[in-house]
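Report on the structure
Okay, here's what each chain looks like letter by letter:
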Amino acid sequence: MLSTLKLGRGHRRGEVREGNTVKAERTYVDFVIAGQSLQAYIGSEVGDRISPLGWTGNTACENRLINELSGLTKTELPTGRTVFYVCPECADIGCGAITALVVEMPNTIIWKDFGYETNYSEPELAKFRHVGPFEFEKRPYRKLLDQLRSKRFMA
């Protein structure tokens, strides 16, 4: 059964203690599948992680991720996986990230085998067996990501 993908706005609350910011406030682009945030499907295993889209200010990195999600380029991760959620402070995979395989089929794109990954250990998949797979019709999926790439996305 095909899933529907939309893009929404996620928000991470900041925290200030004794005049010092200990958690940065972030508003980011989130993935919404069948009306529910991907974070909700993952559950508590997502931890304090957010999408790297919409807040880093690094257009080149965001476009690279959009191309990976579109199936237009291979991922830069040696595991062949794509990043979905990262550390909200630095977006570094070294802090841990939620990743998955993005598989291009003739008419669809599939997200599957979600896991927790760093750049110094093998992906941990067992806790994420309940997530996905999600299969999307390729044409509307790519159109949505093209809107995000061209900054025409408004949540």
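Before reading further, recall that the structure is shown in the block above.
I will try to describe carefully the structure that is included in this document.

Rules behind the numbers
- Residues numbered from 1 in each chain as written.
- Predicted model: local features only at pLDDT ≥ 70, side-chain atom pairs only at ≥ 80, totals over all residues.
- Heavy atoms only, no water.
- Helix = DSSP H or I, 4+ residues; strand = E, 2+ residues; numbered from the N terminus.
- Rg over C-alpha atoms; globule rule 2.2 N^0.38 Å.
- Buried < 20%, exposed > 50% of the residue type's maximum accessible area, 1.4 Å probe, protein only.
- Areas by Shrake-Rupley, 256 points an atom, 1.4 Å probe, with all protein chains shown as cover.
- Lys, Arg positive; Asp, Glu negative; His and termini not counted.
- Charge placed at Lys NZ, Arg CZ, Asp CG, Glu CD.
- 1 Å grid on protein atoms, 1.4 Å probe; cavity = no way out; pocket = protein on both sides within 12 Å on 5 of 7 lines; lining within 4 Å.
- Points joined across faces, edges and corners; volume = space filled by probe spheres on them.
- Nonpolar A, V, L, I, M, F, W, Y, C, P; charged D, E, K, R; others polar.
- Pairing = 2+ DSSP bridges.
- Contact = heavy atoms within 4.5 Å.

A few words now on the overall build of the protein. Along the backbone of the protein there are three helices and nine strands. Each helix and strand of the protein, ordered N terminal to C terminal, gives the series β-β-β-β-β-α-α-β-β-β-β-α. Computed over its C-alpha atoms, the radius of gyration of the protein comes to 15 Å, within 12% of the 15 Å expected for a compact globule of 155 residues. Once the C-alpha set of the protein is aligned to its principal axes, its extents read approximately 55 × 35 × 30 Å. Counting all 155 residues of the protein, 41% fall into the buried class. Accessible surface for the protein amounts to roughly 8600 Å². Of this, 49% is attributable to carbon and sulfur atoms. Here the protein holds 21 positive side-chain charges and 19 negative ones, and the gap between their average locations is 6 Å.

Moving on to the layout of surface pockets. What the largest pocket holds in volume is close to 410 Å³. Contributing to the lining of the largest pocket are 16 residues, with Pro 52, Cys 61, Arg 64, Val 83 and Ala 91 lying nearest its centre. Grouping the amino acids of the lining of the largest pocket by side-chain chemistry returns eight nonpolar, three polar and five charged. Here the second largest pocket defines a volume of roughly 180 Å³. Lining the second largest pocket are Glu 68, Gly 71, Thr 73, Lys 74, Thr 75, Gly 80, Thr 82, Val 102, Val 103 and Glu 104. A total of three residues in the lining of the second largest pocket trace back to one element, the largest contributor, which is strand E7 (residues 97-104). A class-by-class count of the residues in the lining of the second largest pocket yields two nonpolar, five polar and three charged.

A word on the sheet that holds strand E1 (residues 5-12). Strand order across the open sheet formed by three strands is E1-E4-E5, with antiparallel pairing between neighbours. Looking along the sheet, the strands with just one partner apiece sit at the ends: E1 and strand E5 (36-37). As paired elements, E1 and strand E4 (residues 26-33) share eight bridges and run antiparallel to each other. When the sheet's bridge partners are listed, Leu 5 is paired in E4 with Ile 33.

Let us look at the environment of Lys 112. With respect to the helices, strands and loops of the structure, Lys 112 is situated in strand E8 (residues 108-117). Residue classification places Lys 112 among the partly exposed positions, given a relative accessible area of 32%. Look past the residues within four positions of Lys 112 in its chain and what remains in contact with it is Ala 100, Leu 101, Val 103 and Pro 133.

Function cannot be inferred from these measures alone, as they are strictly geometric.
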